[in-house]
Amino acid sequence: MSERIWTAALVVIGDEILSGRTQDKNVAQFASWLNVQGIRLAEVRIVPDVESAIVEAVNTLRARNDYLFTTGGIGPTHDDITVDAIAAALGVSVIVHPEARAMLEHYYETRGGLTDARLRMARVPEGADLIPNRMSGAPGIRIGNLFILAGVPHITAGMLDALTGTLEGGLPVLSRTVGAWVAESEIAEMLRETEHAHEGVAIGSYPFFRDGRVGANFVVRATEQALIDTTVVALIAGLRASGREPVDGGI
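Everything quoted here is computed from the prediction, not taken from an experiment.

1. Structural notes on the overall build of the protein chain
Phase 1 of the analysis: Regarding its fold elements, the protein chain presents nine helices and 12 strands.
Phase 2 of the analysis: In terms of its C-alpha atoms, the protein chain occupies a principal-axis envelope of roughly 70 × 45 × 35 Å.
Phase 3 of the analysis: For the protein chain, the residues scored as buried account for 42% of the 251 residues in total.
Phase 4 of the analysis: Across the protein chain, contacts joining residues at least 24 apart in sequence account for 68% of those joining residues at least 6 apart.
Phase 5 of the analysis: Working note: accessible area of the protein chain is about 12,600 Å², and carbon and sulfur atoms make up 52% of it.
Phase 6 of the analysis: With 21 positive and 31 negative side-chain charges, the protein chain shows a spacing of 3 Å between the two charge centroids.

This is the structure in structure tokens:
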């Protein structure tokens, strides 16, 4: 029986990402963190600050993944509509969470007080729990298998840290890299055969052009180190048989 694969999707919300004004740094952070939890990041979608787009993305991606995360759009300004959009997607109302309000009152006590704008950050879809945020007071939100996080990367990191070990997942994915100075198209069949011969392994091919030469790094991934090592031995043998010298660890 094959190991159960747990998956997650990420919806990155914000016009500033789509316009190019802000570069998203959360995708790699999520992929790494999820892998440690034994969960694969299966898909990522970037959507604007438009309720219908958020609703469609949330309902589509949560239906086909074990977990769904969103980043962005939970601040104090009028265009921070993520909470309202997700409540609409789930068919629930928006409430002011008393615990979130207390957190914000404490945080802003010496920072000018809790204004109406700041109080917006205590709004959650009805039935939600809070995700602690040690950085800026405003908590993240968890409702079922859906996690609503801040978009600022260091605040996102703190929220992920608070969630560490709380999600059910499988085994973390391990990896090992082999490189070679070769065009990937020339050994595509060998790569396919090697992957096919080792059940439970995925081989990713990452070509590059460097110093006037074409090369590629091949990343072997699986949940068992012994299986990875056996596959790497076969991959190295295949590269040598094709007249290429493999570089264990990658180029």
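2. A closer look at the packing of aromatic side chains
Phase 1 of the analysis: Taken as a whole, this structure holds seven aromatic pairs when the rule is applied.
Phase 2 of the analysis: An aromatic cluster is built from W6, F30, W33, Y67, F69 and F147, whose rings are joined through pairwise contacts.
Phase 3 of the analysis: If you follow R111 out to its NZ or CZ, it ends over the ring of Y107, 3.9 Å from the centre.
Phase 4 of the analysis: The ring of W181 is capped by R213, whose NZ or CZ atom sits 4.1 Å from the centre of that ring.

3. Quick word on the sheet that holds strand β2 (residues 39-47)
Phase 1 of the analysis: Read from one edge to the other, the open sheet built from six strands follows the order β2-β1-β3-β8-β7-β6, with strand pairing classed as mixed. The two strands at the open ends of the sheet, each matched to only one other strand, are β2 and β6 (129-131). Shown here is a sheet whose adjacent strand axes are inclined to one another by a mean of 20°, direction ignored.
Phase 2 of the analysis: Of the pairings in the sheet, the one linking strand β3 (residues 67-71) to strand β8 (residues 146-149) comprises four bridges and is parallel in character. When the sheet's bridge partners are listed, T71 is paired in β8 with L149.
Phase 3 of the analysis: Those strands touched by helix α2 (residues 26-36) are β1 (6-13), β2, β3 and β8, and its axis lies near 160° from that of β2.

4. Section: the environment of I131
Phase 1 of the analysis: Within the secondary structure, I131 sits in strand β6.
Phase 2 of the analysis: On the basis of relative accessible area, I131 is assigned to the buried category, the value being 2%.
Phase 3 of the analysis: The spatial distance from the C-alpha of I131 to the C-alpha of M159 is 6.4 Å, given a sequence separation of 28 residues.
Phase 4 of the analysis: What I131 contacts, discounting residues up to four positions off in sequence, is P139, G140, I141, R142, F147, L149, M159, A162 and L163.

5. Some points on the pattern of salt bridges
Phase 1 of the analysis: For the structure on display, the rule yields 11 salt bridges.
Phase 2 of the analysis: The partner of E43 in a salt bridge is R64, and the shortest N-O contact between them spans 2.9 Å. Within this pair, whereas E43 is found in strand β2, its partner R64 is found in the loop between α3 (51-63) and β3, the two being separated by 21 residues in sequence.

6. Structural notes on the nonpolar core
Phase 1 of the analysis: Among the nonpolar cores identified, the biggest contains 51 residues, and I54, Y67, F69, F147, L149 and L167 are the most heavily contacted of them.
Phase 2 of the analysis: The leading source of residues in this core is β1, at seven residues.
Phase 3 of the analysis: With sequence-adjacent residues up to four places away left out, F69 is seen in contact with A8, A9, L10, V11, F30, W33, L34, F147, L149, L160, L163 and L167.
Phase 4 of the analysis: Membership of the second largest hydrophobic core comes to 17 residues, among which are V182, L191, A222 and V232.

7. What to know about the pairing of strand β10 (residues 202-210)
Strand residues, when the strand is regular, have side chains that alternate between the two faces of the sheet.
Phase 1 of the analysis: Taken together, the nine bridges between β10 and strand β11 (residues 213-222) define a ladder with antiparallel strand orientation. Counterpart to P207 in the pairing with β11 is A216.
Phase 2 of the analysis: Linking β10 to β11, which pair antiparallel, is a turn of two residues; within it D211 sits at a positive phi near 55°.

8. Some words on unusual backbone geometry
Phase 1 of the analysis: One non-glycine residue, D211, lies in positive phi territory at about 55°.
Phase 2 of the analysis: Looking at the element boundaries, D211 is found in the loop between β10 and β11.

9. Thoughts on the environment of E51
Phase 1 of the analysis: Along the chain, the position of E51 falls in helix α3.
Phase 2 of the analysis: Residue E51 is classed as partly exposed on the basis of its relative accessible area, which comes to 38%.
Phase 3 of the analysis: Between the alpha carbons of E51 and E199 there is a distance of 43 Å; along the sequence they are 148 residues apart.
Phase 4 of the analysis: Those residues in contact with E51 that sit more than four places away from it in its chain are I81, D84, A85 and A88.

10. Points about the side chain of D80
Phase 1 of the analysis: Summarising the element assignment, D80 is placed in the loop between β3 and α4 (82-90).
Phase 2 of the analysis: The buried charged residue D80 lacks any salt bridge, with R120 as its nearest oppositely charged partner at 5.9 Å.
Phase 3 of the analysis: Excluding residues that lie within four positions of it along the chain, D80 makes contacts with G73, I74, G75 and R120.

Rules used in this analysis
- Residues numbered from 1 in each chain as written.
- Predicted model: local features only at pLDDT ≥ 70, side-chain atom pairs only at ≥ 80, totals over all residues.
- Heavy atoms only, no water.
- Helix = DSSP H or I, 4+ residues; strand = E, 2+ residues; numbered from the N terminus.
- Buried < 20%, exposed > 50% of the residue type's maximum accessible area, 1.4 Å probe, protein only.
- Contact = heavy atoms within 4.5 Å.
- Areas by Shrake-Rupley, 256 points an atom, 1.4 Å probe, with all protein chains shown as cover.
- Lys, Arg positive; Asp, Glu negative; His and termini not counted.
- Charge placed at Lys NZ, Arg CZ, Asp CG, Glu CD.
- Phe/Tyr/Trp six-rings, centres within 6.5 Å; stacked < 30°, edge-to-face > 60°.
- Lys NZ or Arg CZ within 6 Å of the ring centre and 35° of its normal.
- Pairing = 2+ DSSP bridges.
- Axes fitted to C-alpha atoms, helices over the stretch in contact; angles between N-to-C directions.
- Salt bridge = Lys/Arg side-chain N within 4 Å of Asp/Glu carboxyl O.
- Core = buried A, V, L, I, M, F, W, Y, C linked by side-chain atoms within 4.5 Å.

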